[in-house]
Each structure stands twice: as C-alpha cells, then as structure tokens.
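# Summary of the model geometry
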Amino acid sequence: MKRGLFILFVLSSVVMFAQDDLSSSDWKMTQAKMFFEDGQTENALEIYLELYQDFPTNDFLNLRIAECYNDIYDYENAYAHLKNAIDNNPSSEYLDDINFWFGRTHHKMGDFDLAYSYYEKVKKGTELIDSLYVQNLMQQCLSGKEIYENKGNYFSENCGPNVNSEYNEIFPVVAFGEDKLFFTTDRKVNEHQDGHPSTGLCDYSVMESYIKEGQFQKAVVPDQVFSNGKDYILTSVGAGNGEFILYKNSPEFEDNGDLYYLLLTDEFDVSQPVNMGETVNSIKFEGAGSLDFINQKFYFSSNSNNKKSEEKDIFYSNKRNSNFSNSLVVDEFNSELDEDFVYIHPGGDFVVFASNSGKSMGGYDLFISVLKDKKWSEPVNLGYPFNSVEDERQFSLSVDGQYAYISSDRIGGEGRMDIYKMEFGTFMQEKFGFHPGLTVIQGQVTDENYDEVSTKISISNDLKDCYNQKVDTDLEGYFSVAVKPGTKYTIEIKESAYEKYSLTLDLTDSSRSRVNFDIELQTKE
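Described in the following lines is the structure provided in the data block. (Residues numbered from 1 in each chain as written. Predicted model: local features only at pLDDT ≥ 70, side-chain atom pairs only at ≥ 80, totals over all residues. Heavy atoms only, no water.)

This brings us to the packing of aromatic side chains. Inspection of the entire model under this criterion finds 34 aromatic pairs. Judged by centre distance (5.6 Å) and plane angle (65 degrees), the ring pair of Y79 and F102 falls under edge-to-face. With a gap of 23 residues between them, Y79 in helix α4 (residues 75-88) and F102 in helix α5 (residues 95-108) connect regions that are remote in the sequence. Note on Y79: relative accessible area 30%, which makes it partly exposed. Ring geometry for F427 against F432: centres 6.3 Å apart, planes inclined by 70 degrees, an arrangement best described as edge-to-face. Judged by relative accessible area, which is 29%, F432 ranks as partly exposed. Taken together through their ring pairs, the aromatic side chains of Y154, Y343, F350, F386, F395, F424, F427 and F432 make up a single cluster. Positioned above the aromatic ring of Y232, the side-chain terminus of K248 is 4.6 Å from the ring centre. (Phe/Tyr/Trp six-rings, centres within 6.5 Å; stacked < 30°, edge-to-face > 60°. Helix = DSSP H or I, 4+ residues; strand = E, 2+ residues; numbered from the N terminus. Buried < 20%, exposed > 50% of the residue type's maximum accessible area, 1.4 Å probe, protein only. Lys NZ or Arg CZ within 6 Å of the ring centre and 35° of its normal.)

What follows is the structure, given as structure tokens:
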C-alpha cells in the first residue's frame, strides 16, 4: 500500500491527546505512532489494541486503529473502529479525519458511491493542497465505478509461491532469449543478508523463474553480477541474454536513484553495471527504464521536470550502441500527478505506464497508449482485471504477446506486492485490433569448420514502420533478435574473410514466436 501522500489532516502531523482518559498512556500512543511511521504497522496495532481494552470508546484511539487496519488491508475491522469512533463521539473534534478514513475504507472495499460521499464531506474544510488530493480521490471513485461497470472478462491469476513470497516481488521482466521471467524481491536470498531491523526487508535481489509447459518453476538467483543482494532492480532487458537496464538507489549520492546499463559479451563477462550518465540521470530520481531494442528508444520515469521533486513524468532518450542521447519529456503520457513506471513494447507499438491520476480506480493504475500514424493515442485505463482499487505498478509482456505480467498489492496475494499473469493478447485484439506478439530469431554463427564467428548481423524488411536492425553476436557467435512478425526479413552478414551471407526468412505466419537456426559462413578462397 502506498504511504507517500498521507493527508490525515490532524493525524499525520501532530499527536494530540485531547481526552483526559488517555493522558496516562501518552507514551504508549507515541510509541505506537513511531512504530507506524517506521513501517511496523503490526507492532503499532498491537499497542493500540492493548490500549483499546481500557479505552474502547476513545475516538482518537479508534481512528488510529482504523488507520493501521487500512494499512494491512483489513478493511472490515477498519470500518468497525471508525464506526465505533463516531457512534460514541458524534461531535468528535476528529470528524474530518474520521470521514476521510471512512472514504478511504469504502474506496478500498469498492464502495465507490459511499467513498465519494465521505470525501465530499471533508473536501471543503481542508487546505488547498489537501483539497486537491481529496478531489483526485473523488475522481478516482467516479473512474472506478465506470471501470467496474464495464470490466472485461480476461483470464488472470497469481503467479504462485514459486515466484511470490510474503515479501515484495516487483518489476516482472520477460526474457527474450529464454522462456523465463525475471523479477526483483526484498526477501532474504542468502545467509549473509540481514533484514532491516524494523521491517525485516532485505536489500533487493534479482531472481528468475523458468517457464515450462506454462508453469513457473521455483525461482532462483541468476548468476549475474547484479543479482544477489546487490540492491539493484532489473527494469528491462535486450533481445539477447546479456543486455540489462537496472535501477539503484545509492544513498551516498543523495539523488534518489539512477539508471544503469550493462552489456555482457559472453557468459564469462563479469563487467559491472555502468551509470547512464547525465544525459539520462540527474540529481533527482530516475527509474523504471524500458528499452525498445528494435527502434533503439529508451523510456524512463523521473521527477527532474518537477521543481518540488514530487511527481514523476515519463521521458525518452535515443540509444546508440551503449550511449544515450539527451532526454526529452513525453507530454502525451503525463498528468499533473505521478507517472512512476513505463513499459515500451519492443517495436514501439504501444506504451503501458502507471499513474495515480483521477483516471485511476485507486492508487496507481496501469494505462495504455498506442502509436498510430506516428502519434500517441490518448492514454486509457487498462481496466479490470489489470487494475484494482489497490496499486498496480509494473508491466511486462510475454514474447508471443498472449500474457502480461504485472505487480500488484491487491488482496488475496502471497504477501505484499505480488506478480500476476493476465490474458493480454485477446484484450489488444478486441480493443485495438492487433496482436502484440513478437518473433525471436536466435542461433549461432560459425564457419565451415564449426569455429565460432563473432560478427554483426543486418536484418531488414520492406515495412515502413519496422526499422532495420544491426545486431552484434556475442564472442562465441550466438545471437538473439526480436522482430515484428507478419512479413519477410532479409538476414545478411558481410565479413571480409567470408563470402557474403544472405537469407530470406518468411515470418508472414504471425503465430511463430521463436525461430532457431544456425548460420554457417564460407571462407573466401
């Protein structure tokens, strides 16, 4: 659950003990508040419930208990304590706070009309900045009601205990070179890790789960320099097995986190991720990097466009080899609020991003914009089941375009943020008239003596909306490239020591998601 924008009126800024019957317990109230602000909601709730035994009708105490229950998704108990507060104290000095939390509780329970009515009660009595926040929540209620009334019937499921845990699993990233899913977690993955003393959460680790016959295998830590408790978040990968986009927040830099790039030449390369530099990173936050490796475009989220360093916007940069151009903001995707994630589909057909604007159902929702006639369409909410009244923060798409993987803290998961599998190809066909699947071409280049050849491969076609690609093999000659299906491709290699190689590959059958073949070069006489 998102903690950032707590208005809470009286509650978030000042602890008051207006009622004499709680004055002897001021220290316990303060201790519980400190636990809550440190992320230890269960410890805070334990103290509050202990006090509740002696002060069951106290409005401030019941309000604090309701706040805790909201934070751990127990909305029925939150509602019960809010009702207790108002029933026993109809003229409570905390009436605005009680109404606000009634609104939040009903909102999270999907009771959009009731939530709206409670938000409306508190809107007029708040300062401007708080009023704008409440107004956005009211708009989310209207959006949520409309989305639920028109919800789609698409398959969705939790990815299960082989992927998810009681901790946070975030940033699902589909691998193109192999049938597996990367993700980032703050669970303990090795015996040398120590969790945070208050939350128990560890530094981030990247894990991978292979997919066999549609089933996720038990996740393991891959053998990569950034994986094992190094506090990197993997946000995107290239078409092969050695190109990675990563995020890391290094407190010593005091910049809230930067984006890093890593290109490995083979399985033995132990190079470290490299900061992308000032054309992408700034003294503020940059994260959620996503690579369109077909068109060599790079999209990311940053608050460098905001003087107050709060709301984040979406930017893009052009990629040339391992370098990135100066970044530009993408106005079509951004609102007055927060866009803190972006996914660009390889080939540039569409973008999915997360936003907490008034068009969300609640918290952060996933939105989509489609490129048509070289213009981005008006972003629309992906709707239910992709979104819920909780937070949906990240998105990745399977190679064949059939399934999307998202992260969400919706009720019913294994733990905090979980990864879910969603039917997406049917959604795209019904809503936008095309299927988003790609075809991955992979193999190895050798000579007639089966010796490995490291070289550059050119891939071209006649479609105007598909750019040509030049792909480097690794040092052992292996290559992996993703293309849009539905046409014929010409694959060429020009090396001075070998005869020119040319092959026409027919991919007009768009159902093929993988094509494997090896290339044998002939040495010139």
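Before going further, it helps to examine the pattern of salt bridges. Across all of its chains, the model carries 19 salt bridges by this definition. One network of salt bridges, in which partners are shared, links E178, K180 and E208. (Salt bridge = Lys/Arg side-chain N within 4 Å of Asp/Glu carboxyl O.)

Another aspect to go through is the nonpolar core. Of all hydrophobic cores here, the largest spans 70 residues; its most connected members are F244, F298, F350, F395 and F424. Sequence-distant contacts of F298, that is, excluding residues within four places in its chain, are made with I245, L259, M276, V280, G289, S290, L291, F315, Y316, S317 and F324. Of all hydrophobic cores here, the second largest spans 36 residues; its members include A66, A78, L82 and I86. (Core = buried A, V, L, I, M, F, W, Y, C linked by side-chain atoms within 4.5 Å. Contact = heavy atoms within 4.5 Å.)

Here the focus is the sheet that holds strand β22 (residues 418-423). The strand order across the open sheet built from 4 strands is β1-β22-β21-β20, with neighbouring strands paired in antiparallel fashion. Taken across any chain shown, the strands that pair with only one partner, and hence form the sheet edges, are β1 (156-158) and β20 (392-397). On average, each strand axis in the sheet is tilted by 25 degrees relative to the strand beside it, whichever way the strands run. Here β1 pairs with β22 via 3 bridges, running antiparallel. Within β22, the position partnered with E157 by the bridge is K421. (Pairing = 2+ DSSP bridges. Axes fitted to C-alpha atoms, helices over the stretch in contact; angles between N-to-C directions.)

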